[in-house]
Amino acid sequence: LEDCAAVAEGPCEEACWKRGECTGHHDRDTQCTRACRTLVKQAPRETFRESRCVLERACADLPLCAEQG
């Protein structure tokens, strides 16, 4: 399970950076990354899927990523 969590945590920082790009400011990037890493411990698969979704979709589609959980 720890390996799964480590893999799931991988895209957290990049996904949070992309969210910052989409909103036009990066002042919450660090907070977002911390929250993502906490969520990975609770729900690694869902968190990984959401992060990958953020990385693979256009900014306008990001709300869909949170809904797919």
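Sequence positions are assigned chain by chain, starting from 1 and proceeding in written order. Local features in this predicted model are restricted to residues whose pLDDT is 70 or higher, and side-chain atom pairs enter the listing and the counts only when it is 80 or higher, whereas totals over whole chains, interfaces and linings include all residues. Water and hydrogen atoms were dropped before computing side-chain values, which therefore reflect all heavy atoms in the structure.

**Q** For this particular structure, what's the right way to read the environment of arginine 57?
**A** Helix and strand labels come from DSSP, where a helix needs a run of H or I of at least four residues and a strand needs a run of E of at least two; each type is numbered from the N terminus. Inspection of the secondary structure puts arginine 57 in the loop between α4 (44-56) and α5 (62-68). Counting along the chain gives 50 residues from arginine 57 to valine 7, while the straight-line C-alpha distance between them is 20 Å. Those residues in contact with arginine 57, other than ones at most four positions away along the chain, are Lys18, Leu62, Leu64 and Cys65. Between two residues, a contact is recorded if the distance between any of their heavy atoms is within 4.5 Å.

**Q** Before we go on, may I ask you to explain the confidence of the model for the protein in this structure?
**A** A low pLDDT score tells you not to read the predicted coordinates there in detail. Confidence per residue, as judged by the predictor, is encoded in pLDDT with a range of 0 to 100. Per-residue confidence for the protein gives a mean pLDDT of 92, with 94% of residues at or over 70. When mean pLDDT is compared element by element in the protein, helix α2 (residues 12-23) scores highest at 97, while helix α1 (residues 2-9) scores lowest at 82.

**Q** Explanation requested: the nonpolar core in the structure shown.
**A** Burial of nonpolar side chains together is a common tendency in soluble globular proteins. The biggest cluster of nonpolar side chains holds 6 residues, and these are Ala15, Cys53, Val54, Leu55, Leu62 and Cys65. Broken down by secondary-structure element, the contributors of at least two residues to this core are α4 and α5. Per-element tally for this core: the top contributor is α4, with 3 residues. Here, the term nonpolar core denotes a set of buried Ala, Val, Leu, Ile, Met, Phe, Trp, Tyr and Cys residues that are joined through side-chain atoms within 4.5 Å. For the exposure calls, accessible area comes from a 1.4 Å probe over protein chains only, and a residue counts as buried if that area is under 20% of its type's maximum, exposed if over 50%, partly exposed in between.

**Q** Sorry, what's going on with the state of the cysteines here?
**A** Note: disulfide means a covalent bond formed between the sulfur atoms of two cysteine side chains. Whenever a pair of cysteine sulfur atoms sits within 2.5 Å, that pair is classed as a disulfide. Within this structure, the stated rule accounts for 4 disulfides. With a sulfur-sulfur separation of 2.0 Å, cysteine 16 is cross-linked through a disulfide to cysteine 32. Judged by the torsion about the S-S bond (-75°), the cysteine 16/cysteine 32 disulfide is left-handed. Residue cysteine 16 is found in helix α2, and its partner cysteine 32 is found in helix α3 (residues 29-42); the two are separated by 16 residues along the sequence. In this structure cysteine 16 comes out as buried when scored by relative accessible area, which is 3%. In this model, cysteine 53 is linked to cysteine 65 through a disulfide, with the two sulfur atoms separated by 2.0 Å. Because the sign of the S-S torsion sets the handedness, a value of about -80° for the bond joining cysteine 53 and cysteine 65 places this disulfide among the left-handed ones. Here the residue cysteine 53 occupies a position in helix α4, and cysteine 65 occupies one in helix α5, the gap between them amounting to 12 residues. Taking relative accessible area as the criterion, cysteine 53 reaches 7% and is therefore assigned buried. Sequence-ordered numbering of the bonded cysteines in the protein gives a disulfide pattern of 1-5, 2-4, 3-7, 6-8. Just so you know, cysteine 4 is unpaired, no disulfide at all, and the nearest cysteine sulfur is the one on cysteine 12, 12 Å from it.

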